[in-house]
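# Secondary and tertiary structure notes
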Amino acid sequence: MLTKHITVDLPANQESRPVAMLVQVASQYESVIHMESGTVKANVKSIMGMMAFGLKNGMEVSVTADGRDEADAVAALEKQLNRAC
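Notes on the structure follow. (Residues numbered from 1 in each chain as written. Predicted model: local features only at pLDDT ≥ 70, side-chain atom pairs only at ≥ 80, totals over all residues. Heavy atoms only, no water.)

### Overview of the environment of Gly54
- In this fold, Gly54 is placed in the loop between α2 (47-53) and β4 (60-66).
- Classification of Gly54 as partly exposed rests on a relative accessible area of 25%.
- Through-space distance from the C-alpha of Gly54 to that of Lys79 is 19 Å; in sequence the pair is 25 residues apart. (Helix = DSSP H or I, 4+ residues; strand = E, 2+ residues; numbered from the N terminus. Buried < 20%, exposed > 50% of the residue type's maximum accessible area, 1.4 Å probe, protein only.)

### Some thoughts on the environment of Lys4
- Note that Lys4 resides in strand β1 (residues 2-7).
- Placed 68 residues apart in sequence, Lys4 and Asp72 show a C-alpha to C-alpha distance of 12 Å.
- What Lys4 contacts, discounting residues up to four positions off in sequence, is Val61, Ser62, Val63, Val74 and Glu78.
- Polar side-chain contacts of Lys4 include one of 3.4 Å to the side chain of Glu78. (Contact = heavy atoms within 4.5 Å. Polar contact = N/O pair within 3.5 Å; in protein donor to acceptor, adjacent residues only side chain to side chain.)

Structure, rendered in structure tokens:
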């Protein structure tokens, strides 16, 4: 199991598109992947779960992956969460 703490850095008012991209990226990996912030936790492979998560720019999140490709999964999600373009 691998956990990484990340500060979300997304384009202003563009949180919904990155959420869809996060789900798409996470779905490429075998690992079980969750995102957590405070008391809220979501399966990153679930579009409904991630939409309900309420991802916002500047938010502190913890991404946890468990599986044989966990390091690659966390690295890919960190890259998506830091797309300030």
